[in-house]
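Each chain, written out:
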Amino acid sequence: MIPVMLAAMSIVGGDDRVSAAYNNVEETLRLLCKKTEMSFPPKRIYLRAFKRDAVLEVWAASSGTGRMRLLKSYPIAAMSGSLGPKRKEGDYQVPEGFYHIERFNPRSQFHLSLGINYPNASDRILSDQEHPGSDIFIHGDRKSIGCMAMTDPVIEEIYVLADLAKKAGQKNIPVHIYPFRFNEEWALAPPSTLSLWKSMRPIYDAFEKNRQVPRFRVLNDGRYQILTKS
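Residues numbered from 1 in each chain as written. Predicted model: local features only at pLDDT ≥ 70, side-chain atom pairs only at ≥ 80, totals over all residues. Heavy atoms only, no water.

A.B. asks: I keep staring at the pattern of salt bridges and nothing clicks. Help me out?
C.D. replies: Under the counting rule described, the total for this entry stands at 18 salt bridges. Between Arg181 and Asp53 there is a salt bridge, with its nearest N and O atoms 3.0 Å apart. Residue Arg181 is found in the loop between β8 (174-178) and α5 (191-210), and its partner Asp53 is found in the loop between β1 (44-50) and β2 (55-61); the two are separated by 128 residues along the sequence. Given the relative accessible area of 30%, Asp53 is considered partly exposed. Two residues, Glu157 and Lys72, come together in a salt bridge whose shortest N-O distance is 3.4 Å. You can see Glu157 sitting in helix α4 (residues 152-167) and its partner Lys72 sitting in strand β3 (residues 69-75), a full 85 residues away along the chain. A relative accessible area of 11% means that Glu157 is categorised as buried. (Salt bridge = Lys/Arg side-chain N within 4 Å of Asp/Glu carboxyl O. Helix = DSSP H or I, 4+ residues; strand = E, 2+ residues; numbered from the N terminus. Buried < 20%, exposed > 50% of the residue type's maximum accessible area, 1.4 Å probe, protein only.)

Here it is, written out as structure tokens:
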């Protein structure tokens, strides 16, 4: 978790910072989309992170309904904690589960940042009821506590892609954070964590098969349940 005074601090020049980011990366992103045989800007994007691999993938699509393609994989420069979900304020854990971008912060203490909706419905059931933590971001720089630091040049690409998708009409940009790729051997975990991971597995598998972000709901015990299968 990044304290509000750091992650959300207002500093002068946010609009200029975004404009500079567009100038820095727009041509790179345009060439990347061309190489991936995708329209620029993409109509939809999807972020998928794997904590064990320290990788954040950006998937994209040229239409509102088409299959998504991997646009680019970015190394995560820094993230604290270990495998397993975030469960309370100050545990230094990066969350695990299914989220979406809920805020754009062009005045971040860490260059640019994208805030995710932690705690989500599952976290509100399974995490500390009084102090679950908050203010989880994907941001620039190379240091972080509970967030994913991507370096300043990388967050400019991700931020601009998210901003372009939002301007193209994407109302919900999903961010799925996994402990690892589920085709790997399962790690030992407490029963509560293993139960959560098992409920995340069908969503992972469905995307691997269809390249479409599945719909899901949160059960009363905090586990996820997929709503679309094929």
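What follows picks up the thread again.
A.B. asks: I'm lost on the sheet that holds strand β5 (residues 111-116) in this one. Help?
C.D. replies: In a beta sheet, neighbouring strands are held together by backbone hydrogen bonds and run either parallel or antiparallel to one another. What the eight strands build is an open sheet, ordered β3-β2-β1-β8-β4-β5-β6-β7; its pairing is mixed. Edge strands, defined here as strands with exactly one partner in the open sheet, are β3 and β7 (148-149). Summarising the sheet, β2 and β3 pair through six bridges and their orientation is antiparallel. Bridge pairing in β3 places Trp59 opposite Leu70. Along the sheet face, α4 touches β1, β2, β3, β4 (97-108), β5 and β6 (136-139) and points at about 55° away from the line of β5. (Pairing = 2+ DSSP bridges. Contact = heavy atoms within 4.5 Å. Axes fitted to C-alpha atoms, helices over the stretch in contact; angles between N-to-C directions.)

A.B. asks: In this structure, what is going on with the nonpolar core? I would like to understand it.
C.D. replies: Soluble, globular proteins show a tendency: their nonpolar side chains are buried together. One finds Leu47, Met150 and Ile158 to be the most contacted residues of the largest nonpolar core, which totals 40 residues. Ranked by residue count, the leading element in this core is α4, at nine residues. What Ile158 contacts, discounting residues up to four positions off in sequence, is Leu47, Leu56, Val58, Tyr74, Leu114 and Met150. With 18 residues, the next largest nonpolar core counts Phe50, Phe182, Met200 and Ala206 among its residues. (Core = buried A, V, L, I, M, F, W, Y, C linked by side-chain atoms within 4.5 Å.)

A.B. asks: I'm lost on the layout of surface pockets in this one. Help?
C.D. replies: Any empty space left between atoms is shown by rolling a water-sized probe over those atoms. In this structure, the largest pocket spans a volume of roughly 240 Å³. In this structure, the largest pocket is lined by 16 residues; those nearest its centre are Tyr99, His100, Asn172, Pro174 and Phe216. For the lining of the largest pocket, the secondary structure elements donating two or more residues are β4, α3 (121-126), β8 and β9 (216-218). At three residues, β4 tops the list of elements feeding residues into the lining of the largest pocket. For the lining of the largest pocket, the per-class residue count stands at nine nonpolar, six polar and one charged. (1 Å grid on protein atoms, 1.4 Å probe; cavity = no way out; pocket = protein on both sides within 12 Å on 5 of 7 lines; lining within 4 Å. Points joined across faces, edges and corners; volume = space filled by probe spheres on them. Nonpolar A, V, L, I, M, F, W, Y, C, P; charged D, E, K, R; others polar.)

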